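A closer look at the structure
Chain by chain, the residues run as shown.
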Amino acid sequence: MARPKPEIIYENTVPAIFVKRNNRFTAEVMVGGESRTVHIKNTGRLEELLIPKSKVTLQKSDNPERKTEYDLISVYRPGFKWINVDSLAPNKLIHQKLELLNDVVKPEYTYGNSRFDFYMERDGEKYLTEVKGCTLAYDKKTGIGYFPDAPTERGVKHLNELAKAAKEGYHCSVEFVIQMNGIHLVFPNNETQPEFGRALVAAAKAGVEIIYNSCHVEADSIKFTGCTLDTGRYRNAK
């Protein structure tokens, strides 16, 4: 029997039109002709996505005490269709995936000087996984996305710690969740942060696996469609 693919379906969603970003956490949108301030569930730059007059999807919060009534969860980009910008979605999807594969799954696991997204045990072996969401691509025809869209010292630190753990006997991986349609590979965004690319190569050479999870994205859902292991290319890099 085939295993179900990890999926998130958002409830209580409404369409809106993006107006402007106020700061890292909030934006102005138009909902049914009325201006609303909404929470952005992603603190990345998203400069190529959050463009005035773009179609977006909001999810209404069930917390009456919140200052903002809605969360912005997806953006429509011509050529790519819907792109999921919920920064919590990658970990939720990977958690579903790992629960199907492992005997033990522990989120937010501290190892060394870092807290990793997941620790697992399977057949007596120990595993560590760090999750990265990818929302940046320049041309859908290439099928290539890029990470990060903004410098991430935390991301570099995690790669270095994973490399160390791999040398100490852990099975380690970086799982990229591609929150876009038609993108199946993720390359380091060396123009934004060359240190991340160098750390990714070093981690792969130390034994860390590099995994891409492709997705199908709609306005109110995101679902895994495939998985690609790309460790060899990084281990062979000079």
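First, a word on what this report is: a plain description of the structure on this page. Keep in mind that this is a model prediction, so the values were computed, not measured. (Residues numbered from 1 in each chain as written. Predicted model: local features only at pLDDT ≥ 70, side-chain atom pairs only at ≥ 80, totals over all residues. Heavy atoms only, no water.)

Before going further, it helps to spend a moment on the overall build of the protein. If you tally the helices and strands in the protein, you get four helices and 15 strands. Compactness check: the protein gives a C-alpha radius of gyration of 18 Å against a globular reference of 18 Å for 238 residues, within 12% of the reference. With the C-alpha coordinates of the protein rotated into their principal frame, the extents come out at 55 × 35 × 35 Å. Counting only residues that meet the buried cut, the protein has 49% of its 238 residues in that class. For the protein, restricting intrachain contacts to residue pairs at least 6 apart in sequence, the fraction spanning at least 24 positions comes to 63%. Accessible surface computed for the protein: about 12,100 Å², of which carbon and sulfur atoms make up 50%. Averaging the locations of the 34 positively and 31 negatively charged side chains of the protein gives two centres separated by 4 Å. (Helix = DSSP H or I, 4+ residues; strand = E, 2+ residues; numbered from the N terminus. Rg over C-alpha atoms; globule rule 2.2 N^0.38 Å. Buried < 20%, exposed > 50% of the residue type's maximum accessible area, 1.4 Å probe, protein only. Contact = heavy atoms within 4.5 Å. Areas by Shrake-Rupley, 256 points an atom, 1.4 Å probe, with all protein chains shown as cover. Lys, Arg positive; Asp, Glu negative; His and termini not counted. Charge placed at Lys NZ, Arg CZ, Asp CG, Glu CD.)

Next up on the list: the sheet that holds strand 10 (residues 125–134). Adjacent strands of a sheet form backbone hydrogen bonds with each other and so pair up, either parallel or antiparallel. As summarised here, the arrangement of the seven strands in space is 1-15-14-12-10-9-8, forming an open sheet in which the pairing is mixed. Among the strands making up the open sheet, the edge pair consists of strand 1 (7–9) and strand 8 (104–111). When strand polarity is set aside, the average angle formed by the axes of neighbouring strands in this sheet is 30 degrees. Bridging between strand 12 (residues 171–178) and strand 14 (residues 209–218) involves five bridges; their strand directions are parallel. Looking across to strand 14, one finds that Val174 is bridged to Ile210. Against the sheet, helix 2 (residues 153–167) touches strand 8, strand 9 (114–122), strand 10 and strand 12, its axis set at about 35 degrees to strand 9. (Pairing = 2+ DSSP bridges. Axes fitted to C-alpha atoms, helices over the stretch in contact; angles between N-to-C directions.)

Going from Phe147 to Pro148, the amide bond is cis rather than trans, its omega being 0 degrees. Here Pro148 shows up in the loop between strand 11 (144–147) and helix 2. Although it is not a glycine, Glu108 adopts a positive phi angle of roughly 55 degrees. Position of Glu108 among the secondary structure elements: in strand 8. Even without a glycine there, the phi angle at Asp123 is positive, about 55 degrees. Considering the arrangement of structural elements, one finds Asp123 in the loop between strand 9 and strand 10. Overall, Asp123 belongs to the exposed group, its relative accessible area being 69%.

Membership of the largest hydrophobic core comes to 50 residues, with the highest contact counts inside it found for Val29, Val56, Leu58, Leu72, Leu128, Cys172 and Phe176. Excluding residues that lie within four positions of it along the chain, Val56 makes contacts with Val14, Pro15, Ala16, Ile17, Phe18, Val29, Leu72, Ser74, Val75 and Trp82. Membership of the second largest hydrophobic core comes to 18 residues, among which are Ala89, Val105, Cys215 and Ile222. (Core = buried A, V, L, I, M, F, W, Y, C linked by side-chain atoms within 4.5 Å.)

Two measures describe an aromatic ring pair: the distance that separates the ring centres and the angle between the ring planes. Scanning all chains against the criterion turns up nine aromatic pairs. Look at Tyr111 and Phe116: their rings are 6.3 Å apart centre to centre, the planes differ by 40 degrees, and that puts the pair in the tilted class. Take Tyr111: its relative accessible area is 10%, and that puts it in the buried class. Ring centres of Phe176 and Tyr212 lie 6.0 Å apart, and the angle between their planes is 50 degrees; on these two criteria the pair is classed as tilted. Here the residue Phe176 occupies a position in strand 12, and Tyr212 occupies one in strand 14, the gap between them amounting to 36 residues. (Phe/Tyr/Trp six-rings, centres within 6.5 Å; stacked < 30°, edge-to-face > 60°.)

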